[in-house]
Amino acid sequence: MRIIHGERMTMVFFQLQPGSGIPEHSHAHEQMGTVLKGTVELRVAGERRVVHPGEAYHIPSEVVHSGKCGDSPAEVIEVFSPVREDFK
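Parameters and conventions
Residues numbered from 1 in each chain as written. Predicted model: local features only at pLDDT ≥ 70, side-chain atom pairs only at ≥ 80, totals over all residues. Heavy atoms only, no water. Salt bridge = Lys/Arg side-chain N within 4 Å of Asp/Glu carboxyl O. Buried < 20%, exposed > 50% of the residue type's maximum accessible area, 1.4 Å probe, protein only. Pairing = 2+ DSSP bridges. Helix = DSSP H or I, 4+ residues; strand = E, 2+ residues; numbered from the N terminus. Axes fitted to C-alpha atoms, helices over the stretch in contact; angles between N-to-C directions. Contact = heavy atoms within 4.5 Å.

A.B. asks: Tell me what's going on with the pattern of salt bridges, and back it up with residues and numbers.
C.D. replies: Across all of its chains, the model carries 3 salt bridges by this definition. Between Asp-86 and Arg-84 there is a salt bridge, and its shortest N-O distance comes to 2.7 Å. Ionic pairing is found between Glu-85 and Lys-88, a salt bridge with its closest N-O pair at 3.5 Å. On the basis of relative accessibility, which here comes to 53%, the residue Glu-85 falls in the exposed class.

A.B. asks: Pulling in residues and values, what's your account of the sheet that holds strand S6 (residues 47-51)?
C.D. replies: The 4 strands lie next to each other as S3-S8-S5-S6, forming an open sheet whose pairing is antiparallel. Strands with a single pairing partner mark the edges of an open sheet, and in this sheet they are strand S3 (21-25) and S6. The mean inter-strand angle of the sheet, taken between neighbouring strand axes irrespective of direction, is 15°. Here 3 bridges tie S3 to strand S8 (residues 65-69), and the two strands are oriented antiparallel to one another. Looking at the pairing, Gly-21 lines up with Lys-68 of S8.

A.B. asks: Quick rundown of the sheet that holds strand S2 (residues 10-16)? Include the residues and the values.
C.D. replies: Pairing is antiparallel across the open sheet formed by 5 strands, whose spatial order is S1-S2-S9-S4-S7. Only two strands of the sheet have a single neighbouring strand rather than two, namely strand S1 (2-5) and strand S7 (56-59). On average, each strand axis in the sheet is inclined to that of its neighbour by 15°, with strand direction left out of account. Pairing geometry for strand S4 (residues 30-37) and strand S9 (residues 74-81), over 7 bridges, is antiparallel. Across the sheet, residue Met-32 finds its bridge partner in S9, namely Val-79.

A.B. asks: How would you explain the environment of Gly-67 if you had to name every residue and give the values?
C.D. replies: Assignment of secondary structure puts Gly-67 in strand S8. In this structure Gly-67 comes out as buried when scored by relative accessible area, which is 12%. When the C-alpha atoms of Gly-67 and Arg-43 are compared, they prove to be 6.2 Å apart, with 24 residues separating the residues in sequence. Setting aside chain neighbours within four positions, we find Gly-67 in contact with Ser-20, Gly-21, Ile-22, Glu-41 and Leu-42.

A.B. asks: Tell me about unusual backbone geometry, and please be specific about residues and values.
C.D. replies: At the junction of Ser-81 and Pro-82, the peptide bond is cis and its omega measures out at 0° in the coordinates. One non-glycine residue with positive phi stands out, namely Ala-45, at about 50°. When you line up the elements, Ala-45 lands in the loop between strand S5 (40-44) and S6. Exposure remark for Ala-45: the relative accessible area of 56% places this residue in the exposed category.

Here it is in structure tokens:
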């Protein structure tokens, strides 16, 4: 994972291996992201969506969400606001 912190936001680049998942969670940060490579299945507030390369998504603050990588490796960029202090 590569992390860049600004004054009011955090940007993260990460890679996911096929079938790997991000458990259901929520946080105070607003979150937006885009898939660069592969696919990611997102569940946001109980709704399922598969995100393909070039597509973007938005997850509001405090909304429960999870993710799972598709059948091939994925690369994703996400932006969080405010700064993710837990990523420092």
